[in-house]
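One-letter residues, chain by chain:
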Amino acid sequence: MNKEIIQTYAKLVIVKGVNVQKGQTLLINADIDTVDMARACVEEAYKAGAKEVVVTYRDETIDCFHYQYQDLDTLTTVRDFQIASKLEYFEEGACILNLISRIPGILNGLDVEKVNKHLHAFALKSKKVREYTMLSKTQWCIAAVPNKQWAMQVFPNCKDEEEAVELLWKHILAAVYVDGEKDPIELWTKRDAVFAKRCQILNDFRFQSLHFTNSMGTDLRIGLVEGHLWAGGSEKTPQGISFNANMPTEEIFSVPDFHVAEGIVYASKPLLYNGSLIEDFWLSFEAGKVVDFDAKKGKEALSQLVNFDAGSCRLGEVALVPHNSPISQSGVLFLNTLFDENASCHLALGNAYPTCVENNDTLSEEDFARLGVNVSLVHEDFMFGTADMKVVGTLHDGKKVTIFENGNFVIE
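All of these numbers come straight from a predicted model, not from anything done at the bench.

Enquirer: Sorry, what's going on with the sheet that holds strand 2 (residues 52-58) here?
Expert: Hydrogen bonding along the main chain pairs the strands of a sheet, whether they run parallel or antiparallel. Within the open sheet, the four strands sit side by side as 2-1-3-4. Their pairing is parallel. One side of each edge strand has no neighbouring strand; the edge strands of this open sheet are strand 2 and strand 4 (140-144). Going across the sheet, the axis of each strand differs from the next one's by a mean of 15°, ignoring polarity. Sheet topology note: the strand 1 (residues 25-31)/strand 2 ladder contains seven bridges and is parallel. The partner of leucine 26 across the bridge, within strand 2, is valine 53. The strands that helix 2 (residues 35-47) touches are strand 1, strand 2 and strand 3 (95-100); relative to strand 2, the one it contacts most, it runs at about 170°.

Have a look at this one:
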């Protein structure tokens, strides 16, 4: 991809995504294949007035060697400085950008339990760090860049890796509205206004529960917490700084009541969970909890997710994405949740976003628990939306309102 387009993408991510402020420090976590994008983002961040940009690189192939050769004691040892370094930056007001370029299925064949225990140990230790993003205490953003292995899995019929990478670049840029002609920052500003309007419509209904059905067999009713808020598009920090956490994004999301989920849900797309690919799976819920599940591929990884901790078997997010969204209409299965979740209605197992509750800044942990806001060390989205998805909301007076028909919004 030519340098000019990458620079345009980087400017969008810095200005409209993480929205670096003058005098603010930016942390960048970058997968190794994102180096050109990372460099462009560093330059754009300084142009935007950043005080300091700190870049940390990650290599998934090296991660595999760690999982393969390190013993469990070593893998589950998280040193204080690993957490303190990030926490110190956040406490000083830093924001963070994650540039990802993952390889689907790279951990297939490795000891899933070993991987899971490492992730659990790290998540447990880094709880205070994670709060800065889960509570939107600072600006944060996730954006993606292709790599050869990923591109060839998405487009296996390409004649070579270069063609596949070019094609994946094309679809990633289309998903974030970077076409080399129109100003993507202006487009995102207009889209944020559309999201805000749709959120207000849903918030005005004050639904008690939602019922999802489709021809795959999904028949699931979930409750929504009292005082829930629908969010989508840009968010704001407590200081009022706006940012777009996910690039791309097509979702409107809110907080389920973790006590209330009844029925069965069938995944409509594969899930890449920490390097393991889970395909053709379903989950059955009773009283808000996963009571049974299965998968044709990756069942062990799914089991590790469901049993990660006490909250990972319950729901932390419900998101509505119309089937006519641009990413869905592209027909591309990205094998990456950042994109695939924006082509399909989805749910998340694990931690909820407390920012989707009214007066969240005044509520205690006990208040959130009473309302039914789920708590977990994991938050993992999975897709279940289809072209024939129907969503019916029930109001507190028992009245029913159709929200989705044939996969798309019918309330405007």
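What follows continues from the structure just given.
Enquirer: What is the right way to read the packing of aromatic side chains from this model?
Expert: Counted according to the given criterion, the structure contains nine aromatic pairs. Each ring, one from tryptophan 150 and one from phenylalanine 339, has its centre 6.2 Å from the other, and the planes form 50°; the classification is tilted. Residue tryptophan 150 is found in helix 8 (residues 148-154), and its partner phenylalanine 339 is found in helix 13 (residues 337-340); the two are separated by 189 residues along the sequence. We classify tryptophan 150 as buried; its relative accessible area is 0%. Taken together through their ring pairs, the aromatic side chains of Trp150, Phe334 and Phe339 make up a single cluster. Directly above the aromatic system of tyrosine 132 lies the positively charged group of lysine 137, at a separation of 4.3 Å from the ring centroid. Residue placement shows arginine 191 over the ring face of tryptophan 188; its charged tip is 4.8 Å from the ring centre.

Enquirer: Would you take a moment to explain a negative patch on the surface for this structure?
Expert: Residues Glu52, Glu88, Glu91 and Glu92 make up a contiguous surface patch of negative charge. Mapping glutamate 92 onto the fold places it in the loop between helix 5 (80-91) and strand 3.

Enquirer: Looking at this structure, how should I read the packing of helix 5 against helix 7 (residues 127-134)?
Expert: Packed helix pairs are specified by the crossing angle of their axes together with the interaxial distance, meaning the distance between the axes. Between helix 5 and helix 7, whose axes approach to 9 Å, the crossing angle comes to 40°. Judged by the angle between their axes, helix 5 and helix 7 are oblique. Here the hand of the crossing between helix 5 and helix 7 comes out left-handed. Contact residues: Ile83, Lys86, Leu87, Phe90 and Glu91 in helix 5; Lys128, Val129 and Tyr132 in helix 7. The class makeup of the residues in the contact of helix 5 with helix 7 is five nonpolar, no polar and three charged.

Enquirer: Looking at this model, I keep getting lost on unusual backbone geometry. Mind explaining?
Expert: Among all residues except glycine, the phi angle is most often negative; among peptide bonds, the trans geometry is most common. Cis geometry is found at the peptide bond from methionine 247 to proline 248, where omega equals 15°. Within the secondary structure layout, proline 248 lies in the loop between strand 8 (242-243) and strand 9 (252-254). The backbone phi angle of aspartate 280 is positive, close to 50°, even though this residue is not glycine. Relative to the assigned elements, aspartate 280 resides in strand 12 (residues 276-286). One non-glycine residue with positive phi stands out, namely asparagine 359, at about 55°. Within the secondary structure, asparagine 359 sits in the loop between strand 15 (346-350) and helix 14 (365-371). Judged by its relative accessible area of 56%, asparagine 359 falls in the exposed class.

Enquirer: Can you help me understand the state of the cysteines in this one?
Expert: Here, disulfide denotes a covalent bond that connects the sulfur atoms of two cysteines. With the rule as written, the count across this model stands at zero disulfides. Residue cysteine 356 stays outside any disulfide, its sulfur separated by 8.5 Å from that of cysteine 199, the closest cysteine. Given a relative accessible area of 2%, cysteine 356 falls into the buried group.

Enquirer: Help me understand the sheet that holds strand 16 (residues 379-383), please; the structure alone is not making it clear to me.
Expert: Taken together, the four strands give an open sheet; going across it, the order is 9-14-15-16, and neighbouring strands pair in antiparallel fashion. Of all the strands in the sheet, the pair left with one neighbour each is strand 9 and strand 16. Neighbour-to-neighbour, the strand axes of this sheet turn through a mean angle of 20°, independent of strand direction. Sheet topology places strand 15 next to strand 16; five bridges connect them, and they run antiparallel. By the bridge assignment, glycine 350 is partnered in strand 16 with histidine 379.

Thresholds applied
- Residues numbered from 1 in each chain as written.
- Predicted model: local features only at pLDDT ≥ 70, side-chain atom pairs only at ≥ 80, totals over all residues.
- Heavy atoms only, no water.
- Pairing = 2+ DSSP bridges.
- Helix = DSSP H or I, 4+ residues; strand = E, 2+ residues; numbered from the N terminus.
- Axes fitted to C-alpha atoms, helices over the stretch in contact; angles between N-to-C directions.
- Contact = heavy atoms within 4.5 Å.
- Phe/Tyr/Trp six-rings, centres within 6.5 Å; stacked < 30°, edge-to-face > 60°.
- Buried < 20%, exposed > 50% of the residue type's maximum accessible area, 1.4 Å probe, protein only.
- Lys NZ or Arg CZ within 6 Å of the ring centre and 35° of its normal.
- Patch = residues over 30% accessible without salt bridge, like charges linked within 9 Å, V, L, I, M, F, W, Y side chains within 5 Å.
- Areas by Shrake-Rupley, 256 points an atom, 1.4 Å probe, with all protein chains shown as cover.
- Salt bridge = Lys/Arg side-chain N within 4 Å of Asp/Glu carboxyl O.
- Lys, Arg positive; Asp, Glu negative; His and termini not counted.
- Charge placed at Lys NZ, Arg CZ, Asp CG, Glu CD.
- Parallel < 35°, antiparallel > 145°, perpendicular 65-115°, else oblique.
- Left-handed = near helix turned anticlockwise from the far one by under 90°.
- Nonpolar A, V, L, I, M, F, W, Y, C, P; charged D, E, K, R; others polar.
- Disulfide = S-S within 2.5 Å.

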